[in-house]
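Residue-level structure breakdown
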Amino acid sequence: MHATDDTHRPELGSWVASANQPATDFPVQNLPFGVFSRVREGGPPRCGIAIGDSILDVSAAADLGLFGETELPAALACAEPRLNALMAMGANVVRALRAAVSRMLRDDTEEGKRAEAVAREILVRMHDAVMRLPAEIGDYTDFYASVHHATNVGSMFRPDNPLLPNYKWVPIGYHGRSSSIVVSGTPVRRPKGQTRNDPAGPISVGPSARLDYELEVGAFVGPGNTMGETIPIGEAASHLFGLCLVNDWSARDIQSWEYQPLGPFLAKSFATTISPWVVTLDALEPFRVAPAERAAGDPAPLAYLSGDDDRARGAFDITLEVWLSSESMRASNTPAMRVSRGRFVDMYWTLAQLLTHHASNGCPMRAGDLIASGTVSGPTPDSRGCLLERAWRGTEPLRLPTGEPRRFLEDGDEVTLRGWCERPGARRIGFGECRGVVAAAR
Ligand code: CA
């Protein structure tokens, strides 16, 4: 069990002035990892740490001798174009690197003074950088951990039997496709597929007419387990490197025709967008809370999914939002409209339970694998995390500020996910954006 340390103190400031602005997602208490390339100088992508409106080039700082011997191997691993090597090094190594970077970016340390003197060599402004996928994602699994989402969607398709009997016993998931995971900002092309909207009607092939987003949280796996071994619930958090935002784009018309009996397939595998910055579990330490209480009469999690630490603070208090803007809104400078706001604590299963369950049959989880939570929906209509629920299968269309109705996504729509953590006595930290524009089908 870890606790807050020197890096979390809310009064810490940085010599990078933009990191001290109250609204920044990236104060010195956050220090999320990502992979970037410099726009002008070119050169291979490498790992960096967000600070205010800039990126710390970690391996450049290592080359200049700014790290001690203890953190040096981890800092040098940041010269790679992906975070997998660092993720594999484990929670203690990442924590030590974080502590060193914190001292380096603070405005009240000797390390900070040395770093500020070479700021031009170790800092890159975000607008001079292009963000890449943070890791080589070997495997991607998407869960279904919100009981509110599962109940809402279930009630649309099976009004008499919304929640299947396994839901409260076993975390439900499916194997996603890592080849179509893209970083925030990448346009997403409307997929074509096979649909049958009327159960008695013809089967057609063409562009999806019911394109949707799903607001989710992703977790990157750290060291993981070897095949045949498991990850006990008490150790699961130490196998999670950090979290990002995930938009699991979904073609509802393709999905409803293909999903039985084996679950989602082509309705999901055309694109998944993730935010570029991975917020470490260490940074999230002040925002760990007890998971939502299960309803009276619900079964307790089985022993292998039940741990004292997970019960006490296995959830993360993250506020999550979806913003939508149409092409005509952007053309008329109309600000994006917020279409939902939810809380990650409303999930039925914790990330540790998802990881432990995933490895419980001996399936190896590898550094850089991504597991996603499933759509984050809460109990109220404005906390529903996808358009299918928000516009209730098209029967209650949203109205954009331009008067345009939205049942499902139209070409040119831009979906932006945001997430942040905030509580008294801690510095607010955020995830940045997870953004994508819908491009017309080819
Ligand atoms: Ca999903």
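Here we summarise the structure given alongside this text. (Residues numbered from 1 in each chain as written. Predicted model: local features only at pLDDT ≥ 70, side-chain atom pairs only at ≥ 80, totals over all residues. Heavy atoms only, no water.)

1. Details of the sheet that holds strand β4 (residues 123-125)
- Reading across the sheet, the five strands line up as β4-β3-β2-β1-β5 and stay open at both edges, with antiparallel pairing between neighbours. Of all the strands in the sheet, the pair left with one neighbour each is β4 and β5 (129-132). On average, adjacent strands in this sheet sit at an angle of 45° to one another, irrespective of strand direction.
- Pairing analysis gives four bridges linking strand β2 (residues 42-51) to strand β3 (residues 54-57), with the strands arranged antiparallel. Across the sheet, the residue bridging to glycine 48 is aspartate 57, located in β3.
- The sheet strands contacting helix α4 (residues 91-105) are β1 (33-38), β2 and β3, and the helix crosses β3 at an angle near 120°. (Pairing = 2+ DSSP bridges. Helix = DSSP H or I, 4+ residues; strand = E, 2+ residues; numbered from the N terminus. Axes fitted to C-alpha atoms, helices over the stretch in contact; angles between N-to-C directions. Contact = heavy atoms within 4.5 Å.)

2. Quick word on the layout of surface pockets
- Taken as a whole, the largest pocket holds about 710 Å³ of empty space.
- Around the largest pocket sit 33 residues that line it, and Tyr144, Ile172, Tyr259, Gly263 and Pro264 are the ones nearest its centre.
- Ranked by residues supplied to the lining of the largest pocket, first place goes to helix α7 (residues 147-157) with five residues.
- Broken down by class, the residue content of the lining of the largest pocket amounts to 16 nonpolar, ten polar and seven charged. (1 Å grid on protein atoms, 1.4 Å probe; cavity = no way out; pocket = protein on both sides within 12 Å on 5 of 7 lines; lining within 4 Å. Points joined across faces, edges and corners; volume = space filled by probe spheres on them. Nonpolar A, V, L, I, M, F, W, Y, C, P; charged D, E, K, R; others polar.)

3. Brief notes about the nonpolar core
- Counting residues in hydrophobic clusters, the biggest one holds 59 residues, and the most contacted among them are Leu243, Phe344 and Leu409.
- Only α7, β13 (215-221), β14 (240-247), β20 (319-325), β21 (337-343), α11 (351-359), β25 (414-421) and β26 (429-439) provide two or more residues apiece to this core.
- When residues in this core are grouped by element, the largest group, five residues, is from α11.
- Beyond its immediate chain neighbours, meaning those up to four positions away, leucine 243 contacts Val217, Gly218, Ala219, Trp277, Val278, Val279, Leu281, Leu284, Phe316, Ile318, Leu351 and Phe431.
- Counting 47 residues, the second-largest nonpolar core is a separate cluster that includes Val94, Leu123, Ile137 and Cys244. (Core = buried A, V, L, I, M, F, W, Y, C linked by side-chain atoms within 4.5 Å. Buried < 20%, exposed > 50% of the residue type's maximum accessible area, 1.4 Å probe, protein only.)

4. Regarding the side chain of glutamate 216
- Looking at where glutamate 216 falls in the secondary structure, it is placed in strand β13.
- One buried charged side chain, glutamate 216, makes no salt bridge at all; its nearest oppositely charged neighbour is lysine 268, positioned 5.5 Å away.
- At a separation of 2.9 Å, a polar atom in the side chain of glutamate 216 contacts the main-chain amide nitrogen of glycine 374.
- Residues within four places of glutamate 216 in sequence aside, it is in contact with Asp142, Cys244, Leu245, Val246, Asp248, Ala372, Ser373, Gly374, Thr375 and Val376. (Lys, Arg positive; Asp, Glu negative; His and termini not counted. Salt bridge = Lys/Arg side-chain N within 4 Å of Asp/Glu carboxyl O. Polar contact = N/O pair within 3.5 Å; in protein donor to acceptor, adjacent residues only side chain to side chain.)

5. What about the coordination of the calcium ion?
- Protein-derived ligands of the calcium ion are Asp142 (OD), Glu214 (OE), Glu216 (OE) and Asp248 (OD), with the metal-ligand distances lying across 2.2 to 2.3 Å.
- Here the donor residues for the calcium ion map to a single chain with the spacing D-x71-E-x1-E-x31-D. Highlighted residues: aspartate 142 in strand β6 (residues 140-143) and aspartate 248 in the loop between β14 and β15 (250-251), separated in sequence by 106 residues. Across the pair, exposure class does not vary: aspartate 142 and aspartate 248 are buried alike. (Donors = N, O, S within 2.8 Å, 3.2 Å for Na, K, Ca; no water.)

6. Digging into the sheet that holds strand β9 (residues 188-189)
- As summarised here, the arrangement of the five strands in space is β9-β26-β25-β20-β21, forming an open sheet in which the pairing is mixed. Among the strands making up the open sheet, the edge pair consists of β9 and β21.

7. Points about α7
- Within α7, burial applies to Val147, His149, Ala150, Asn152, Val153, Gly154 and Met156.
- Packed against the buried residues of α7 are α12 (387-390).

8. Things to note about the pattern of salt bridges
- Scanning the model with the defined rule gives 31 salt bridges in all.
- When the shortest N-O distance is used, the salt bridge between glutamate 11 and arginine 9 registers 3.0 Å.
- Residue glutamate 11 is classed as exposed on the basis of its relative accessible area, which comes to 56%.
- With relative accessibility at 29%, the residue arginine 9 sits in the partly exposed group.
- In this structure, aspartate 282 and arginine 95 form a salt bridge, with 2.9 Å as the shortest nitrogen-oxygen distance. Of this pair, aspartate 282 sits in the loop between β17 (279-280) and β18 (288-289) while arginine 95 sits in helix α4; the two residues are 187 residues apart in sequence, bridging distant segments of the chain.
- Take aspartate 282: its relative accessible area is 7%, and that puts it in the buried class.
- Note on arginine 95: relative accessible area 23%, which makes it partly exposed.
- Among the ionic contacts, a cluster of salt bridges with common partners joins Asp6, Arg9, Glu11, Arg106 and Asp108.

All quantities given are derived from atomic positions and should not be read as evidence of function.
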